[in-house]
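Below are the chains, spelled out letter by letter.
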Amino acid sequence: MTFKGFQIHVQVAIVLICLTAVTCQDPNQDLLDYCMDGFTHKITPSPGGEGYVDCLSWKSRSCCSDNFTRDVASEYGVTRALGYSWDQQCGNLSQGCKQYLKDESCFFACEPNIVRWRKKVGRLNIYTVPVCGHVCDSWFEACKHDMVCYRNAHDLRQAGGICDRKCRTYEEVYTDGAGLCEMAWGSSFKYEASNKNCFVFRFDPDTENPNSKVRPANTTATSGVPSSRTFLFSFTALVVMATLLYI
């Protein structure tokens, strides 16, 4: 190898190291510029307007529309958004249980960071989003004596929001917080027992969103939509390989 060839190899190595450092920071960062696809979602995250009246944790940066927050705040809950009322299944829910259902609905519609887990699997738009175990456990404790019709809310939507079977308690249907989080919306959520690197359904709106720190365990299997930096790295690698062939 000539000295010139050696210099080229060194330069190529430096370029690859720099590109790798940039790319590995967060290969799905570009996704955070967009929201989930859905009729309750905006195209990109932005602050709520004057009509933003609920789901206040996300008012400074939200993916849900102002109209959605008005639906949540109304006496009808999110009937217009979900297609059914929380109280429609098996009679009125306790206030504590209803609050958790409201929080969960706000989380899905308003949280920008779950776009990293966007994945179309059957009826699901998100897949195995890690929810902190203490959130799931508290949700279960608030609802365990309330009645539910369908184990999977997607099935209730398919039935037009009408309960056509025997109502049972949350405790009978889900057993515990893990069962509730991992069955209530199919495989949309995953119970995270460690309470680390996981989402919460609500937080103080005057503080930084703690969900922004959550990262997928496997960034290559999250949304299925590679970032522009990934394309840049791949393209550069191909150019480098082609160049080396002629050295």
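Numbers given to residues run from 1 along each chain, matching the order in which its sequence is written. Per-residue local features are limited, in this predicted model, to residues with pLDDT of at least 70; the limit for side-chain atom pairs, both in listing and counting, is 80 or more; totals at the level of whole chains, interfaces and linings are taken over all residues. Side-chain figures throughout are based on the complete set of non-hydrogen atoms in the structure, without hydrogens or water.

Undergrad: Sorry, what's going on with the side chain of aspartate 54 here?
TA: The secondary structure listing takes helices from DSSP runs of H or I that are at least 4 residues long and strands from runs of E that are at least 2 residues long, numbered from the N terminus. Relative to the elements of secondary structure, aspartate 54 occurs in the loop between β1 (41-46) and β2 (62-64). Polar side-chain contacts of aspartate 54 include one of 3.5 Å to the side chain of lysine 102. Any two residues whose heavy atoms approach within 4.5 Å at even a single point are treated as in contact. Residues contacting aspartate 54, with those up to four places away along its chain left out, are Thr69, Val72, Ala73 and Lys102. Distance and chemistry together define a polar contact, namely a pair of N or O atoms within 3.5 Å, with one atom able to donate a hydrogen and the other to accept it when in protein, and with adjacent residues in sequence counting only for side-chain atoms on both sides.

Undergrad: Can you help me understand the nonpolar core in this one?
TA: Note that soluble globular proteins tend to have their nonpolar side chains buried in a common cluster. Residues belong to one nonpolar core when they are buried, are Ala, Val, Leu, Ile, Met, Phe, Trp, Tyr or Cys, and are joined through side-chain atoms within 4.5 Å. For the exposure calls, accessible area comes from a 1.4 Å probe over protein chains only, and a residue counts as buried if that area is under 20% of its type's maximum, exposed if over 50%, partly exposed in between. Grouped together as the largest cluster of nonpolar side chains are 44 residues, with contacts concentrated most on Cys110 and Trp139. Elements with a minimum of two residues in this core: α2 (66-73), α4 (95-110), β5 (129-132), α5 (133-143), α7 (170-174) and α8 (177-183). With seven residues, the single largest contributor to this core is α4. Setting aside residues up to four positions removed in sequence, tryptophan 139 forms contacts with Tyr100, Leu101, Glu104, Leu180, Cys181, Ala184 and Phe201.

Undergrad: Whenever I open this one, the confidence of the model for the chain confuses me. Can you help?
TA: Low pLDDT means the predicted atomic positions in that stretch should not be read closely. Looking at any residue, its pLDDT shows the predictor's confidence there, from 0 to 100. Per-residue confidence for the chain gives a mean pLDDT of 79; residues scoring 70 or more make up 68%. Confidence drops under pLDDT 50 across residues 13-27; counting only partners more than four residues distant or on other chains, this segment forms 16 contacts. Counting contacts from residues 220-235, a segment whose pLDDT is below 50, to residues more than four positions away or on other chains yields 30 contacts.

Undergrad: Teacher, can you tell me more about the state of the cysteines here?
TA: Linking two cysteines covalently via their sulfur atoms produces the bond known as a disulfide. Criterion for a disulfide: a pair of cysteine sulfur atoms within 2.5 Å. As enumerated under the stated definition, the model contains eight disulfides in all. A sulfur-sulfur distance of 2.1 Å marks the disulfide that ties cysteine 97 to cysteine 143. Its S-S torsion of about 100° marks the bond between cysteine 97 and cysteine 143 as right-handed, since a negative value means left-handed. Here cysteine 97, found in helix α4, pairs with cysteine 143, found in helix α5; they are 46 residues apart in sequence, far enough to count as distant. Of the two residues examined, cysteine 97 and cysteine 143, each falls in the buried class. One disulfide bridge connects cysteine 149 with cysteine 163, the sulfur atoms lying 2.1 Å from each other. Because the torsion about its S-S bond is 90°, the bridge between cysteine 149 and cysteine 163 counts as right-handed. Note that cysteine 149 is positioned in the loop between β6 (147-148) and α6 (153-158) and cysteine 163 in the loop between α6 and β7 (168-169), a separation of 14 residues in sequence. The class for cysteine 149 is buried, based on a relative accessible area of 5%.

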